[in-house]
Amino acid sequence: MASVYLTLSLFLSFSLAVAVEIQRPRGVSLSNRHFYDQSKPFTCLDGSRTIPFDRVNDDYCDCKDSSDEPGTSACPRGNFHCTNAGHRPQYIPSSRVNDGICDCCDATDEYNSGFVCENTCKEMGRKEKESLQQRAVIAQQGFLVKQQLINEAKKGQEEKRRKLAELQESKDSKEDELEALRTVKEAAEAPEKEAKDQHHKAWEEQKEVLRLEKDKARMALAFLELDDNADGLVSVEELQTHLELDPDSDGTLTEPEAQTILGEAAHVDQTAFRDIVWASIKDKYQSETEPETPPQPDTPQDTPRERLPEEEGEEEEDDEEEGEEDEDIDAEDDDKIPPVVSETEKAEKEEEMPPYNAETQALIDGMLASLFSARHGQKL
């Protein structure tokens, strides 16, 4: 909008530049007219000297700043002001005054050259006016488009702010809901967690007791197996019968090595064996009573004899009957034979934690129900 006002102001200034001339020396602009008062001497504009006024525009340069010759070409650094009534005023170098070339559209620069110049200021002013009017229209249209874009941008910003506020509100609501669910979850899990921890602790304590009992039983069995003479003591000689206890794995358990295992004693009783010896040998010791897989007996095979043709039919019938009887016997035997459970399976079953008791399971079920109710906003 400021460009529109500027364009209109320029147009008004050109319109006011009418052909009425205010009296002033040739080549002087209206803004400097007050420096050239014919009723008193002229002082150079740089203040360097003062001369009689009749020496202004006398075609002789008296002032260093060339201000005494505004309308002639006498001073090398002078400037000539073209009024250009009806168009735009301008300054030209004084050297172009009366040089036979029309530089001012009002032809005032060629007043004494004998060259006739046509005054084209009005035509140039008209074209300038039309150009300025077109520019003003374009500027006005651009201003309207700019305002429209600004309004659209403001609406877009408001819409984005509104959506942001809605998202923020939704986020806050979800966070509150999450915090409420977290509180319900923690409250529901507290007794369940405590019951589970107690159950796990009891199971770990029970496993430790079982482990200690197994280790104690294995230790007692090892002592009995090593005490070959049943005198209640394990001696160096008795210990040497178990070569798997050899500390350096050279295939022999020497007397010094056995005595070192017994704590530098010749023999130990069951208490000393438990406190001193067992911890160092229990990982290597192999019990003499460990079950071994019995060898499968070889089944003798009868050499078949050649059968007569008349016996073949009877033999086939007998085979069919025997096959049926064998199947019945095998089925009965399978029902009587208990399933074989390996030591690994037994150990795994012993390591399995027993199921939760009824009270703990009820707490778990109640916690799940509370979470479901809180999530769906229902009371069970």
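Provided above is the structure to which this section pertains.
What counts, and where the lines are drawn
Residues numbered from 1 in each chain as written. Predicted model: local features only at pLDDT ≥ 70, side-chain atom pairs only at ≥ 80, totals over all residues. Heavy atoms only, no water. Helix = DSSP H or I, 4+ residues; strand = E, 2+ residues; numbered from the N terminus. Buried < 20%, exposed > 50% of the residue type's maximum accessible area, 1.4 Å probe, protein only. Contact = heavy atoms within 4.5 Å. Disulfide = S-S within 2.5 Å. Expected span 1.5 Å × (residues − 1). Arc of directions from axis to C-beta. Polar contact = N/O pair within 3.5 Å; in protein donor to acceptor, adjacent residues only side chain to side chain.

K.L.:
Describe the overall build of the chain, naming the residues involved and giving the relevant values.
P.N.:
The number of helices and strands found in the chain is 8 helices and 6 strands. Listing each helix as α and each strand as β along the chain from the N terminus yields α-β-β-β-β-α-β-α-α-β-α-α-α-α. Scored against the burial criterion, the 380 residues of the chain give a buried share of 22%. In the chain, 44% of the contacts between residues at least 6 apart in sequence involve partners at least 24 apart.

K.L.:
Outline the environment of H87, listing residues and values.
P.N.:
Checked against the element boundaries, H87 lands in the loop between β3 (79-82) and β4 (90-93). H87 sits in the buried class, given a relative accessible area of 10%. Placed 38 residues apart in sequence, H87 and G125 show a C-alpha to C-alpha distance of 4.3 Å.

K.L.:
So what about the state of the cysteines? Which residues, and what values?
P.N.:
A complete count under the given rule lists 5 disulfides for this structure. Here C82 connects covalently by a disulfide to C104, the sulfurs 1.6 Å from one another. Of the two residues, C82 sits in strand β3 while C104 sits in the loop between β4 and α2 (121-226), which places them 22 residues apart along the sequence. Under the relative-accessibility criterion, C82 is labelled buried at 0%. Two residues, C105 and C121, share a disulfide whose sulfurs are 1.9 Å apart. Taking the torsion about the S-S bond as the criterion, the C105 to C121 disulfide, at about 100 degrees, is right-handed. Placement of C105 in the loop between β4 and α2 and of C121 in helix α2 is noted, with a sequence separation of 16 residues between them. Each of the two residues, C105 as well as C121, counts as buried.

K.L.:
Mind laying out helix α5 (residues 270-281), listing which residues take part and the relevant values?
P.N.:
An ideal rise of 1.5 Å per residue puts 16 Å on 12 residues; α5 reaches only 14 Å between its terminal C-alpha atoms. All buried positions along α5 are accounted for by A272, F273, V277, W278 and I281. Around the axis of α5, the buried residues are gathered within 150 degrees of arc, so they sit on the same side. Lining the buried residues of α5 we find α2, α4 (255-261) and β6 (267-268).

K.L.:
An account of the environment of A362 is needed here, citing residue identities and associated values.
P.N.:
Among the structural elements, A362 can be located in helix α8 (residues 358-376). Exposure remark for A362: the relative accessible area of 46% places this residue in the partly exposed category. Spatially, the C-alpha atoms of A362 and E192 are 8.8 Å apart, while their sequence positions differ by 170 residues.

K.L.:
I'd like a rundown of the side chain of S235, residues and numbers included.
P.N.:
With respect to the helices, strands and loops of the structure, S235 is situated in strand β5 (residues 234-235). We classify S235 as buried; its relative accessible area is 15%. A polar atom in the side chain of S235 sits 3.4 Å from the side chain of E237. Among residues more than four places away in sequence, those in contact with S235 are L262, A266 and H267.

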